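Here are the chains, one letter per residue:
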Protein chains: 2
Amino acid sequence: MSTLDPEDWDAFRTAANTMLDASIEKFQLAREGRVWTPTPGALKARLARDLPAQPGGLDTITKQLIELLPYGVGNTHPRFFGWVHGAGSPGNLIAEIAAAALNANCGGRDHVGIYIERQVVDWCRTLFAFPQSASGLIVSGTSMATIIAAKTARDRALDYESRQQGVSGARLVGYTSAEAHACLARAFDMIGLGTDALRKVAVMPDFQIDLDDLRQQVARDRADGLQPFFLAGTAGTVNTGAIDDLSALAKFAADEQLWFHVDGAFGACAITAQNIAPRLRGIERADSLAFDFHKWMHVNYDAGCVLIRDAAAHRKAFANRPDYLAADGQALAGGEPWPVDFGPELSRGFRALKVWAHLQEHGTEKIGEAIARNCEQAAHLGALVDAHPDFELLAAVTLNICCFRYVRPGLSESELDELNESLIAKIQMAGTAAPSSTRINGRLAIRVNITNHRTRIEDVELLLRTLADISAAS
Amino acid sequence: MSTLDPEDWDAFRTAANTMLDASIEKFQLAREGRVWTPTPGALKARLARDLPAQPGGLDTITKQLIELLPYGVGNTHPRFFGWVHGAGSPGNLIAEIAAAALNANCGGRDHVGIYIERQVVDWCRTLFAFPQSASGLIVSGTSMATIIAAKTARDRALDYESRQQGVSGARLVGYTSAEAHACLARAFDMIGLGTDALRKVAVMPDFQIDLDDLRQQVARDRADGLQPFFLAGTAGTVNTGAIDDLSALAKFAADEQLWFHVDGAFGACAITAQNIAPRLRGIERADSLAFDFHKWMHVNYDAGCVLIRDAAAHRKAFANRPDYLAADGQALAGGEPWPVDFGPELSRGFRALKVWAHLQEHGTEKIGEAIARNCEQAAHLGALVDAHPDFELLAAVTLNICCFRYVRPGLSESELDELNESLIAKIQMAGTAAPSSTRINGRLAIRVNITNHRTRIEDVELLLRTLADISAAS
């Protein structure tokens, strides 16, 4: 009988091995060649084809897949410095093969995927000194984690009646700093409160949240009859890596009875680095924490986590299963509680597996050492920029991010913005390195983020040298 | 310098090959052995360990991963009949290896992942005869797809002011049948409208939505000053596989100016089966369509899709990028529009790749043939049940789902419920087959869902014989 399984298993095995060899080689040569290469027009043209009605040969498809490998975003290369991307690890290949063989839906039911995910959540509780009673979920990343945390906070604040009745009539407001990541406002949009309900609190010159402004805004909102319910601190802002004073925020949130969320997308993982961990103090007092494994921990995309201190609130904000998902406590329908009781997804792949394997392969100490090294590299780059006559720092380097720009006498601010933007594009196109851009106090910055275990000091030196060469020629 | 890359690449290669061999063997033996096996207590005990601080050996981890393989949910086995799970395909192994090597974040930027995802969305437009101007996104599954569709409908209905101002004061109401999947109500909860705002419309005896009741409810809500905005039809209900009259719903939605959504989680893919496609007529008129690749198309978990007719509305409901994500149209920051402009996730793995490879490997015709076969198998089971003195059908078999129960004279309804529930657990524990349960008109049903390209007629016959044996002994 015809199935979707291969008819010729030997040919299948050969194709899979060819793919595996090419993939291992890509990792092995991660230091070599260009950082980013634009997808060639000829390849794009070849990709454009009609919906296939007939089966294609596995050999052809494997060849096509191999052909794609050079045209990723470049984040496996040691001189990829854009946005905040992890560099991945070849060990993930092995875990992803296992996950593909299991083909598990981790929305629920009693199977090994559920136990592995619980173990990973348990490790996260340990890592961030959350109580054993806290709940958690492995998600695609901090965006989803933040939505889950914000919805739980929303529903707890409204006695869970919001689940049935909606938020109409609610006067909930939340707070975060002006440097916070956009995923927080996006979550407020998603859950029906609107982005205006997330107040942007001023930051101090070091880009940490200004507690005085926070205090004033909360008092003003209370006076206006609104209901402050949520406060988000940031452990590692996306622009400069600033870490809010989490202990002070935890105390303020407790005093004001606000849900205290921490956005630790990449920065939270610095808790594995002995010299940085003290700066994250207070994170263990959060009501919820969102962070990614695929950034500074280098698990492959995508994998993030939400931890929630009040597991009952978490479950009350998401649980509600119909007849066809009833868990009778017996056999395959057992395994309570199910992950679907803690998040919006009923279909969920087994992304916890690669996290589980990754943490076992490397251990937290080695991951922490790589993180500490990245911070030293950023500081080194900051010092080089500072000493260079043609470049200026736009923010102090306090973690792993260095924001600076090329300067040239006689140019206006907008001309400088344009020039620096073009430098970024040029160095990306040259294939030498890939920083990204942002704005710091209104100025366009060359933003170098180092979340890469493959990066060496000479990589950041080469970056600055090349930028100097390109700018001199621009 | 120390990195997270292996020091000994040969040893790494050996470990990866060992994992690949074991995974291929699992697929090759998919027909053999037990359907579902409870995770052994001894394995659970071994899984419980502290957060690893030190690196572990890759050999050990690979062995552990291989040890997990027998304890999945069982959906790769031809006699897995629970819920709606796809059976997967070994070809996904190859695509997942490529995805792991690329380690791409498909939230945005100009790289090959973006082009592949666009191609997959384009194929989906073709498959469902959506206009070329429609937008789409590859997501984890129908739950996420539904949230995205419902939020787009919400924001369009409120002139997008809801994004900033929230839904407070809005009087939006939506409609779907009482047999619709819970993900619709969950989406309403998520986006702040509340589950009460999603009206449950009565169904006819064939479990299709009752258009008269729909008409009356909309009229009543309008009379009450509410704002009807959303109507969801179902292409394949989870309980019985009923397909609403999508053409009639499309017309009603157009007349009433409602956003017409179709939940086609598994059923939509039956459009690839020539004999079923006509029953899906009207799907091409939907404003949004949510469906899964990981169910009846057998792409590995997780992979679903949302298509949205009004691409501008879709983008206006999600776009809004801050400085650090500015796309300047140049180099790596080009590639507009970015997927993050169409959904809640900024971090997104490259799940489009396995869909792309899968559709090329098998083609839609072969997938459709497997779907048609599953429907024949369900009909055959229905006929066997109907002819059997000890079993009764609880719903007509119209697609791929057969709901029935064992009956024994003299037992009360609640005793029958309990007995049938125990039969399901017993056959799962025996490892012979894995149906799940639901309730049909209040009665506990043995629910046999066939979304499995490996299932043969003799598998459903064995299921019924075994159930008869077990029930006789119960």
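This is a predicted model, so every value here is computed, not measured.

Caption draft 1: Examining the sheet that holds strand 3 (residues 172–177) of chain A more closely. Residues and elements named next belong to chain A. Strand order across the open sheet formed by seven strands is 2-8-7-6-5-3-4, with mixed pairing between neighbours. The open sheet has two free edges, formed respectively by strand 2 (135–139) and strand 4 (198–201), since each of these has just one partner strand. Averaged over all adjacent pairs, the angle separating strand axes in this sheet is 20°, with direction ignored. Of the pairings in the sheet, the one linking strand 5 (residues 227–234) to strand 6 (residues 259–263) comprises five bridges and is parallel in character. What sits directly across from threonine 234, in strand 6, is aspartate 263. Of the strands in this sheet, strand 3, strand 4 and strand 5 touch helix 9 (residues 211–223), which is tilted by about 145° from strand 4.

Caption draft 2: Representation of the sheet that holds strand 11 (residues 434–440) of chain B in the model. Residues and elements named next belong to chain B. Read across the sheet, five strands follow the order 1-11-12-10-9 without closing on themselves; strand pairing throughout is mixed. In the strand order of this sheet, the two ends are held by strand 1 (80–81) and strand 9 (391–393), each with one partner. The pairing of strand 9 with strand 10 (residues 401–406) spans three bridges and is antiparallel. Across the sheet, phenylalanine 391 pairs through a bridge with tyrosine 406, a residue of strand 10. Against the sheet, helix 12 (residues 352–387) makes contact with strand 9, strand 10 and strand 12 (443–449), and its axis sits at roughly 20° relative to strand 10, the strand it touches most. Contacts from helix 13 (residues 413–430) reach strand 10, strand 11 and strand 12 within the one sheet, and its direction differs from that of strand 12 by about 30°.

Caption draft 3: Geometry of unusual backbone geometry. The step from Glu336(A) to Pro337(A) runs through a cis peptide bond, and the omega angle for that step is -15°. As for its placement among the helices and strands, Pro337(A) is situated in the loop between helix 11 (311–318) and helix 12 (352–387). Although it is not a glycine, Ala129(A) sits at a positive phi angle of roughly 55°. Note that Ala129(A) resides in the loop between helix 5 (112–127) and strand 2. Notably, Asp159(B) is not glycine yet its phi reads approximately 55°, a positive angle. Tracing the backbone shows Asp159(B) in the loop between helix 6 (142–157) and helix 7 (162–165). A residue is classified by how much of its surface remains accessible, and Asp159(B), at 58% relative accessible area, is exposed.

Caption draft 4: How the structure looks around the domain arrangement of chain A. Residue and element names in this part refer to chain A. Per the domain assignment, the segments making up chain A are domain 1 (10–74), domain 2 (105–349) and domain 3 (365–472). Its C-alpha centre places domain 2 at a distance of 31 Å from the equivalent point of domain 3. Across the boundary between the two partners, domain 2 contributes 20 residues, which contact 21 residues of domain 3. Of the roughly 1,600 Å² buried at the junction of domain 2 and domain 3 (both faces included), carbon and sulfur atoms supply 65%. In this structure, the connection of domain 2 to domain 3 is made through zero salt bridges. Our count for the domain 2 to domain 3 interface comes out at four residue pairs in polar contact (both at pLDDT 80 or more). Broken down by class, the residue content of the side of domain 2 that touches domain 3 amounts to eleven nonpolar, eight polar and one charged.

Rules used in this analysis
- Residues numbered from 1 in each chain as written.
- Chains lettered and ligands numbered in written order.
- Predicted model: local features only at pLDDT ≥ 70, side-chain atom pairs only at ≥ 80, totals over all residues.
- Heavy atoms only, no water.
- Pairing = 2+ DSSP bridges.
- Helix = DSSP H or I, 4+ residues; strand = E, 2+ residues; numbered from the N terminus.
- Axes fitted to C-alpha atoms, helices over the stretch in contact; angles between N-to-C directions.
- Contact = heavy atoms within 4.5 Å.
- Buried < 20%, exposed > 50% of the residue type's maximum accessible area, 1.4 Å probe, protein only.
- Domains from an automatic or database assignment.
- Buried area = accessible area lost by both parts, 1.4 Å probe.
- Salt bridge = Lys/Arg side-chain N within 4 Å of Asp/Glu carboxyl O.
- Polar contact = N/O pair within 3.5 Å; in protein donor to acceptor, adjacent residues only side chain to side chain.
- Nonpolar A, V, L, I, M, F, W, Y, C, P; charged D, E, K, R; others polar.

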